[in-house]
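Breakdown of the fold
If you want the building blocks of each chain, they are given just below.
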Amino acid sequence: MTKIEKVGSFESKITVYVVVCWVLAACGGLMFGYDIGISGGVTAMDDFLIKFFPAVYQRKLRAKEDNYCKYDNQYLQLFTSSLYLAALVSSFAASKILLSAAAQRIWMIILARVLLGVGVGFGNEAVPLFLSEIAPVQHRGAVNILFQLFITIGILFANLVNYGASKIHPWGWRLSLGLASLPAVFLFVGSVVIIETPASLVERNQESQGLSTLKKIRGVEDVDAEFEQIKMACEAAREVKDPFKRLMKRSSMPPLIIGVMMQVFQQFTGINAIMFYAPVLFQTVGFKNDASLLSSVITGLVNVFSTLVSIYGVDRVGRRKLLLQACVQMFISQTAIGAILLVHLKGSNSLDEGLAGLVVVLVCLFVMSFAWSWGPLGWLIPSETFPLEIRTSGFACAVSSNMLFTFIIAQAFLSMMCHMRILVDDVSHACLHIFFFAAWIVAMGLFVLFLLPETKNVPIDAMVERVWKQHPVWKRFMDDYDGKEGVKNVGMII
């Protein structure tokens, strides 16, 4: 146990029990992270290509093959992207993922990915909301980022598995895909053990259980002020019969726009293009198969340790500063990568050893800045800014936006590498896709600078009064908000 902390009128202390709840819930990120990491490694394995994509394998073997086009295959990209299309309309069915390890035909392996996507979407919707609702206000950012930390651990685990499985012929790829069952098992066990949130209990008229649960997760008896705020928010939520209709009201636009754009911008950093296809990208710049997978392990380690920076800093320096700093670092690293590919990587050659190593360093710098900013905060900010009456429906829209654009990028990235090169007739090559994402990062920085409010140390059920009604842009949208006015003075940070 730790000492009692007091923020405004809210008291709490961190107990072993609540930490266990945080960790078990955050295991939902393992499932998502493992999939992100496993896809690119499997698609770089020769045994997998021979089994399902022999034409791609033959292009890969040709001595003068165009580096940018040898992986351009819509079915190969559908193997990666099909999961995210399923996650748009997800419910839990992840136990079916073992089909992918036993697949004999392309349709079987894509169907397996779709079924896994159902589970991924469920976890991505439920876990960030759960963590934000049970976390004490002064640690909400750090607790929510546990979800992103487990995503990065899943990516790292997938990269390690791919590195080992690539040496097991001819069924190593089956091991990589089959081990996706482990994160699903962890999440299932966690869902049995962890508690429901106080807000969900009060919403269902179980106030005594809600109060006892709040005392249990806060580790103190004096939770009256926080419980009163939860009850007020639940009363407002009960008056909303159709959350999705309420979501279309003018006063719901600020959190909806912020939530959706944070998730969309997270994808347009280019991070998933890098993480999905890191082994393929490193092969393109000249690394051999094993070396490219090992380079992916290095970026995975950078991802994990940089996320720890965000856990430490998000509730100290705030959300906006982390996002703005990362925009600068990501823009510099991406444009540098694009410039190297533009000048030195022609259609069928490779980079020399020094430049290839520099690309790995720049990718690590890019991943590093993403991991302490847009990665975790893309989940944190949408999960904490919606009022209770539209929190689930609003966050569902944000997550669906994430899955949609993840699908689009996963389906299009390898083709972009090839076709952008063809369109410009080998002048600026496929590095145009790098500059494409770099341009989006400029737009993201402007978005944060002018439109994103700071939510550090603001109680989750006081966002309307403390954030949206005070913001110079978004306060104009709040004239028709009819929530409970009493929420605004509960739990003030002093």
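The sections below set out a description of the structure shown in this document. (Residues numbered from 1 in each chain as written. Predicted model: local features only at pLDDT ≥ 70, side-chain atom pairs only at ≥ 80, totals over all residues. Heavy atoms only, no water.)

This paragraph deals with a nonpolar patch on the surface. A surface patch of nonpolar side chains, amounting to about 710 Å² of accessible area, comprises Phe157, Leu182, Val185, Phe186, Phe188, Val189, Val192 and Val193. When residues in the nonpolar patch are grouped by element, the largest group, seven residues, is from helix H10 (residues 181-193). Topologically, Phe188 is positioned in helix H10. (Patch = residues over 30% accessible without salt bridge, like charges linked within 9 Å, V, L, I, M, F, W, Y side chains within 5 Å. Areas by Shrake-Rupley, 256 points an atom, 1.4 Å probe, with all protein chains shown as cover. Salt bridge = Lys/Arg side-chain N within 4 Å of Asp/Glu carboxyl O. Helix = DSSP H or I, 4+ residues; strand = E, 2+ residues; numbered from the N terminus.)

This part is about helix H21 (residues 374-385). Here H21 contains twelve residues, and its C-alpha end-to-end distance of 16 Å stays within 8% of the 16 Å for a straight helix at 1.5 Å per residue. In terms of burial, H21 is largely enclosed, as twelve of its twelve residues are buried. Residues of H21 that are buried: Trp374, Gly375, Pro376, Leu377, Gly378, Trp379, Leu380, Ile381, Pro382, Ser383, Glu384 and Thr385. (Expected span 1.5 Å × (residues − 1). Buried < 20%, exposed > 50% of the residue type's maximum accessible area, 1.4 Å probe, protein only.)

Let us look at the pattern of salt bridges. Following the criterion strictly, the structure yields twelve salt bridges and no others. Across the pair Arg319 and Glu384 runs a salt bridge whose closest N-O atoms are separated by 3.0 Å. Here Arg319, found in helix H19 (residues 319-344), pairs with Glu384, found in helix H21; they are 65 residues apart in sequence, far enough to count as distant. Like Arg319, the residue Glu384 is buried in the burial classification. When the shortest N-O distance is used, the salt bridge between Lys469 and Glu465 registers 3.1 Å. Its relative accessible area of 22% is what places Lys469 among the partly exposed residues. Connected through salt bridges with shared partners, the residues Arg140, Asp315, Arg319 and Glu384 form a single ionic network.

Let us now look at the nonpolar core. Counting residues in each nonpolar core, the largest one holds 89 residues, and the members touching the most others are Leu131 and Trp374. Looking at which element gives the most residues to this core, the answer is helix H8 (residues 140-165), with ten residues. Setting aside anything within four residues of it in sequence, one finds Trp374 in contact with Met262, Phe265, Gln266, Thr269, Leu323, Ala326, Cys327, Met330, Met444 and Val448. Within the second largest apolar cluster, 13 residues are counted, among which are Met45, Phe52, Ala165 and Ala180. (Core = buried A, V, L, I, M, F, W, Y, C linked by side-chain atoms within 4.5 Å. Contact = heavy atoms within 4.5 Å.)

A few words on the environment of Asn162. Along the chain, Asn162 falls in helix H8. According to the relative accessible area criterion, Asn162 is buried, its value standing at 0%. Counting along the chain gives 120 residues from Asn162 to Val42, while the straight-line C-alpha distance between them is 6.8 Å.

We now examine empty space enclosed by the protein. A complete count under the given rule lists eight cavities of 30 Å³ or more for this structure. Approximately 170 Å³ is the volume found for the largest cavity. Lining the largest cavity are 17 residues, and of these Glu133, Arg218, Glu226, Ile460 and Asp461 sit closest to its centre. When contributions to the lining of the largest cavity are tallied by element, the ones reaching two or more residues are helix H7 (106-134), helix H11 (198-203) and helix H13 (224-238). Considering each element in turn, the lining of the largest cavity owes the most residues, three residues, to H13. Here the residues of the lining of the largest cavity sort into nine nonpolar, two polar and six charged. (1 Å grid on protein atoms, 1.4 Å probe; cavity = no way out; pocket = protein on both sides within 12 Å on 5 of 7 lines; lining within 4 Å. Points joined across faces, edges and corners; volume = space filled by probe spheres on them. Nonpolar A, V, L, I, M, F, W, Y, C, P; charged D, E, K, R; others polar.)

What follows covers the packing of aromatic side chains. As enumerated under the stated definition, the model contains eleven aromatic pairs in all. Taking 5.4 Å as the distance between ring centres and 65° as the angle between the ring planes, the aromatic pair formed by Phe268 and Phe405 counts as edge-to-face. Of the two residues, Phe268 is situated in helix H15 (residues 253-268) and Phe405 in helix H22 (residues 388-423); the sequence distance between them amounts to 137 residues. A relative accessible area of 9% places Phe268 in the buried class. Pairwise contacts between aromatic rings join Phe265, Phe268, Trp374, Phe405, Phe436, Phe437, Trp440 and Phe447 into one cluster. A cation sits over an aromatic face here: Lys167 above Tyr163, 4.8 Å from the ring centre. A cation sits over an aromatic face here: Arg250 above Phe477, 4.6 Å from the ring centre. (Phe/Tyr/Trp six-rings, centres within 6.5 Å; stacked < 30°, edge-to-face > 60°. Lys NZ or Arg CZ within 6 Å of the ring centre and 35° of its normal.)

This part is about the packing of H19 against helix H20 (residues 353-371). Interaxial distance between H19 and H20 falls to 8 Å at its minimum, and their mutual angle equals 155°. Considering the angle they form, H19 stands roughly antiparallel to H20. Considering only the axes of H19 and H20, their crossing is left-handed. Every residue of H20 that contacts H19 at Ala326, Gln329, Met330, Ser333, Gln334, Ala336, Ile337, Ile340 and His344 is listed here: Leu355, Leu358, Val359, Leu362, Val363, Leu365, Phe366, Met368, Ser369 and Phe370. For the contact of H19 with H20, the per-class residue count stands at 14 nonpolar, five polar and no charged. (Axes fitted to C-alpha atoms, helices over the stretch in contact; angles between N-to-C directions. Parallel < 35°, antiparallel > 145°, perpendicular 65-115°, else oblique. Left-handed = near helix turned anticlockwise from the far one by under 90°.)

The next subject is unusual backbone geometry. Look at the link from His169 to Pro170: it is a cis peptide, with omega at 0°. Phi at Asn205 takes a positive value of approximately 65°, unusual for a residue other than glycine. On the basis of relative accessible area, Asn205 is assigned to the exposed category, the value being 62%. One non-glycine residue, Asn457, lies in the positive phi region at around 65°. Relative to the helices and strands, Asn457 resides in the loop between helix H23 (432-451) and helix H24 (463-468).

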